[in-house]
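Geometric and topological summary
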Amino acid sequence: MTRSAGLLASVLAFCVMGASAVPASPPDSSLRPVLRPQIYPVALPSLAPERSLRPVLRPVQTSAAVDRAATVTAVPAVAAAPQLEATQAGLFKSKKKERRKAGIGKVCRDRKLIGQEIDPVPGKLPGCGISKGAIRLYEVEGVKLSTPSVMNCDTAKALQTWVDKGMNKAVRSYGGGAREIKVAAHYACRTRNHKKGAKISEHGKGNAIDISAVTLKNGDTISVLKDWNNGKKGRILKKMHKSACGPFGTVLGPNADRYHKDHFHFDVARHRSGSYCR
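Residues numbered from 1 in each chain as written. Predicted model: local features only at pLDDT ≥ 70, side-chain atom pairs only at ≥ 80, totals over all residues. Heavy atoms only, no water.

Further remarks concern a positive patch on the surface. A surface patch of positive charge is lined by Lys 165, Lys 169, Arg 172, Lys 232, Arg 235 and Lys 239. Those elements giving two or more residues to the positive patch turn out to be helix 5 (153-171) and helix 7 (231-243). It is helix 7 that provides the largest number of residues to the positive patch, a total of three residues. (Patch = residues over 30% accessible without salt bridge, like charges linked within 9 Å, V, L, I, M, F, W, Y side chains within 5 Å. Areas by Shrake-Rupley, 256 points an atom, 1.4 Å probe, with all protein chains shown as cover. Salt bridge = Lys/Arg side-chain N within 4 Å of Asp/Glu carboxyl O. Lys, Arg positive; Asp, Glu negative; His and termini not counted. Charge placed at Lys NZ, Arg CZ, Asp CG, Glu CD. Helix = DSSP H or I, 4+ residues; strand = E, 2+ residues; numbered from the N terminus.)

This is how it looks when you write it as structure tokens:
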């Protein structure tokens, strides 16, 4: 054995003796990786949204809901009759420039008739309608109508004659004179006295107008219903009624029947015997 080999053998022997002299002991803790404790809780209520952020389907609107919404927000294309008449009356009271733009002015080639020329009026029933010369009348001889009234020019001209030669002469200066004619009815597609199966009324042809009272310039009123048999006012009403016979073909009043207790009915329908006045 050489010297170097002997040294190597001695070192190996010393290592074996040292290893057997030190007793083996397990480590204080496992050498496997350990999960660290969580610093924050699993959920953070203070940071969580109050509602879910997922999109939610809106409830489907029913047709009734849509109709209600439309009723609130939509503007009707065509106004109801009272609303339309109120709008027309407002136009008449507006400035002359605005009235001209709306087509309000002389109608039926008569400066004493103020109104609008309108399109032909179709009839809902056979025999109704105004095919020619349809107008909406606002004023006659400086006396306003309480509501814009639809009729034909023949009726408007007969009314103008009656106002000039009948009504104004009957009223004269009483109460300051006539200021307004209370219109009870004008164009309406219906049967006579609204009876089923009856002939078409002259109102349905634009040939008639019903008048219930005359308002005076002092604010007083001469009413067919209240004043027909009432002293001075009654005498004025009877003169007005009589003077309509001639300009109009048919004149009906409180003495005619129960349907005319509260108004005069004037129409331009002609009869073989002339004017029919009751």
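This part is about the layout of surface pockets. Looking at the largest pocket, its volume works out to about 460 Å³. Lining the largest pocket are 22 residues; nearest its centre among them are Asn 193, Ser 201, Leu 252, His 260 and His 265. Secondary structure elements with two or more residues in the lining of the largest pocket: strand 5 (178-185), strand 8 (250-252) and strand 9 (264-267). Of the residues in the lining of the largest pocket, the class split is six nonpolar, nine polar and seven charged. (1 Å grid on protein atoms, 1.4 Å probe; cavity = no way out; pocket = protein on both sides within 12 Å on 5 of 7 lines; lining within 4 Å. Points joined across faces, edges and corners; volume = space filled by probe spheres on them. Nonpolar A, V, L, I, M, F, W, Y, C, P; charged D, E, K, R; others polar.)

Compared with an ideal rise of 1.5 Å per residue, which puts 19 residues at 27 Å, helix 5 spans 25 Å between its outermost C-alpha atoms and is within 8% of the ideal. In helix 5, a bend of some 45° at Val 163 exceeds every other bend along the element. By the burial criterion, the buried members of helix 5 are Cys 153, Thr 155, Ala 156, Ala 158, Leu 159, Gln 160, Trp 162, Val 163, Gly 166, Met 167, Ala 170 and Val 171. Capping of helix 5 at its N-terminal end is provided by Asn 152; its side-chain oxygen lies 3.2 Å from the backbone amide nitrogen of Asp 154. One or two steps after helix 5, the chain reaches Arg 172, where phi turns positive at roughly 55°. (Expected span 1.5 Å × (residues − 1). Bend = angle between axes of the 7 residues up to and from the residue. Buried < 20%, exposed > 50% of the residue type's maximum accessible area, 1.4 Å probe, protein only. Polar contact = N/O pair within 3.5 Å; in protein donor to acceptor, adjacent residues only side chain to side chain.)

How two aromatic rings sit relative to each other is set out by the distance from centre to centre and by the angle between their planes. A full pass over the atoms with the stated rule returns four aromatic pairs. The interplanar angle of 75° and the centroid separation of 5.9 Å between the aromatic rings of Trp 228 and Phe 264 together place this pair among those described as edge-to-face. Here Phe 264 lies in strand 9 and Trp 228 lies in the loop between helix 6 (224-227) and helix 7, a separation of 36 residues in the sequence. Judged by centre distance (4.9 Å) and plane angle (25°), the rings of Phe 248 and Phe 266 are stacked. Here Phe 248, found in the loop between helix 7 and strand 8, pairs with Phe 266, found in strand 9; they are 18 residues apart in sequence, far enough to count as distant. Judged by its relative accessible area of 0%, Phe 248 is buried. According to the relative accessible area criterion, Phe 266 is buried, its value standing at 0%. (Phe/Tyr/Trp six-rings, centres within 6.5 Å; stacked < 30°, edge-to-face > 60°.)

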